[in-house]
Amino acid sequence: MIDSKLLRQDAAAIAERLKTRGYEFPLAEYQRLEEARKTAQVAAEQLQARRNTLSAQIGQAKRNGTDTSVLMTEAGALDSQQQTSEQEYANIQTALDTLLAGVPNLPHESVPVGKDEDDNVEVRRWGAPRVFDFPPKEHADLENIGLDFDDGAKIAGARFTVLRDGLARLHRAIAQFMLDTHTREHGYTEMYVPYLANAQTLFGTGQLPKFEEDLFKTALGERSFYLIPTAEVSLTNLVADTVLDEADLPLYITAQTPCFRSEAGAHGKDTRGMIRQHQFEKVEMVKIVAPETSFDELEKLTANAEIILQKLNLPYRVVLLCTGDMGFSATKTYDLEVWLPGQGKYREISSCSNCGDFQARRMQARYRPKDSKKPQPVHTLNGSGLAVGRTLVAILENYQNADGSITIPEVLIPYMGGLTEIRPGTNPRK
């Protein structure tokens, strides 16, 4: 949530910055509510001041033995007025909070202004795409290696996949390799977190209320839950309603979880294969840091994700997202896009974002600086390190051979029990 102090200082300037995100801030409605809030606050304060004065006068009259009936009558009337005034103020504040809950984060000044992905800026590339001596296939066209879309559809419907035998093991190996790298080399603490979350938790990281249609909702009796769309939700909310000491920062945490997304806005997109699924695995990285370090931490977070691709020898590029292509909670985002030879293009495999204090304000996640008694919001960052299914896709397409076999990347061989390739026909069914 945007800092209300910034809005009060210059709401018009904030509205102009939000336009670069393609968001039209309801300036007139905000100003109307803010003016009403100020008026109601002043009225409530005046009533309270008069109530305090009356209380002192009643006390003095009692000590003097004089009649207090007139004062008591006025005090009773003031009590009723004050209750009405406080309720009016609360209603206005609720309306303001509701309005602000749907406002995206402000883009950082280093973010390029643009409308959509066509205006994103490539920052760097790593690795040279492999030169094949045969036409490389898309992963969905690789035959008899254990990639089963038919059974996925039979069990659950479109955008679900069954992996068999060696391919299922490779999927598991990828996730274990990622977790080991982040915990052993990058300083993250591995966590196991709930896959279900309540509405307040989803509000904290910005998925609710704006993106409810993208979530899967379930219920147990009178209790309702949402399946997490990313472990960012569970990991970041570990510090909700918490005041940390500065010495506790930075926090680096990671988890492997399934992720569930309705893909409500993706009808007709990537309907073939595993690029866009309702259920997929991801290793997520989250950082909770002091404000002055957060943009340096974003560079480190992005580098942590890049290391995974480098160890797997998968060519990729780093793209700085423009204002119009960033996620709701982000103030600055880098996407990593891996080269897929079957498609002949780079595709997103990780998104690394600095959310500044935006999520922290929604979650009431704070820390106490060592030189200050007043707690301040932390800064939160998150990034995929990486999406496991898309990493599997990248391996299948980049490591495919003319005979239909898949070479196992060298770094994953220990996780595969020494297996160096997956051969077609060794896995039951297509």
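Owing to the predicted nature of the structure, the values given are computational and were not obtained by experimental measurement.

Let's talk about the domain arrangement of the protein chain
Interface size, as often reported, equals the accessible area lost upon joining of the parts.
Argument step 1. Annotation of the protein chain at the domain level lists domain 1 (26–102) and domain 2 (117–422).
Argument step 2. Each of domain 1 and domain 2 was reduced to a C-alpha centroid, and the two centroids are 50 Å apart.

As for the packing of helix α5 (residues 165–184) against helix α8 (residues 294–311)
Argument step 1. Where α5 meets α8, the axes come as close as 10 Å, and the angle between the chain directions of the two elements is 130°. When the axes of α5 and α8 are compared, the pair comes out oblique. Handedness of the crossing formed by α5 with α8: right-handed. In this structure, α5 contributes Phe177, Met178, Thr181 and His182 to the contact, and α8 contributes Asn304, Ile307, Ile308 and Lys311.
Argument step 2. Grouping the amino acids of the contact of α5 with α8 by side-chain chemistry returns 4 nonpolar, 3 polar and 1 charged.

Side note on the UniProt feature "binding site: L-serine" (unreviewed entry) in the protein chain
Argument step 1. The feature "binding site: L-serine" (unreviewed entry), as annotated in UniProt, sits at Thr230, Ala231, Glu232, Arg261, Glu284, Asn382 and Ser384 in this numbering.
Argument step 2. On the secondary structure map, Glu232 appears in helix α7 (residues 231–236).
Argument step 3. Topologically, Ser384 is positioned in strand β16 (residues 379–387).
Argument step 4. Its relative accessible area of 9% is what places Ser384 among the buried residues.

Regarding the pattern of salt bridges
Argument step 1. Inspection of the entire model under this criterion finds 23 salt bridges.
Argument step 2. Its salt-bridge partner being Arg8, residue Glu34 comes within 3.4 Å of it at the nearest N-O pair. Here Arg8 lies in helix α1 (residues 4–19) and Glu34 lies in helix α2 (residues 27–64), a separation of 26 residues in the sequence.
Argument step 3. The partner of Asp141 in a salt bridge is Arg272, and the shortest N-O contact between them spans 2.4 Å.

Quick notes on the sheet that holds strand β1 (residues 121–126)
Argument step 1. Strand order across the open sheet formed by 8 strands is β1-β11-β12-β13-β16-β10-β9-β4, with mixed pairing between neighbours. Here the strands that pair on one side only, and so sit at the sheet edges, are β1 and β4 (189–190).
Argument step 2. Sheet analysis places strand β10 (residues 279–289) next to β16, joined by 7 bridges and oriented antiparallel. Counted as the bridge partner of Lys282 is Ala387 from β16.
Argument step 3. The strands touched by α5 are β4, β9 (251–260), β10 and β16; relative to β10, the strand with the most contacts, the crossing angle is about 5°.

What to know about the state of the cysteines
Argument step 1. Overall, the coordinates contain 0 disulfides when judged by the stated rule.
Argument step 2. Between Cys352, a cysteine without a disulfide, and Cys355, which holds the nearest cysteine sulfur, the sulfur-to-sulfur distance is 11 Å.

Brief notes about the sheet that holds strand β5 (residues 196–197)
Argument step 1. Strand order in the open sheet formed by 3 strands is β5-β7-β6, with antiparallel pairing between adjacent strands. The sheet is open, and its two borders are formed by β5 and β6 (216–220), each paired with just one other strand.
Argument step 2. As paired elements, β5 and strand β7 (residues 223–227) share 2 bridges and run antiparallel to each other. Its bridge partner being in β7, Leu196 is matched across the sheet by Leu227.

About the thresholds
- Residues numbered from 1 in each chain as written.
- Predicted model: local features only at pLDDT ≥ 70, side-chain atom pairs only at ≥ 80, totals over all residues.
- Heavy atoms only, no water.
- Domains from an automatic or database assignment.
- Axes fitted to C-alpha atoms, helices over the stretch in contact; angles between N-to-C directions.
- Helix = DSSP H or I, 4+ residues; strand = E, 2+ residues; numbered from the N terminus.
- Parallel < 35°, antiparallel > 145°, perpendicular 65-115°, else oblique.
- Left-handed = near helix turned anticlockwise from the far one by under 90°.
- Contact = heavy atoms within 4.5 Å.
- Nonpolar A, V, L, I, M, F, W, Y, C, P; charged D, E, K, R; others polar.
- UniProt positions renumbered as here; feature names shortened; annotations may be inferred.
- Buried < 20%, exposed > 50% of the residue type's maximum accessible area, 1.4 Å probe, protein only.
- Salt bridge = Lys/Arg side-chain N within 4 Å of Asp/Glu carboxyl O.
- Pairing = 2+ DSSP bridges.
- Disulfide = S-S within 2.5 Å.

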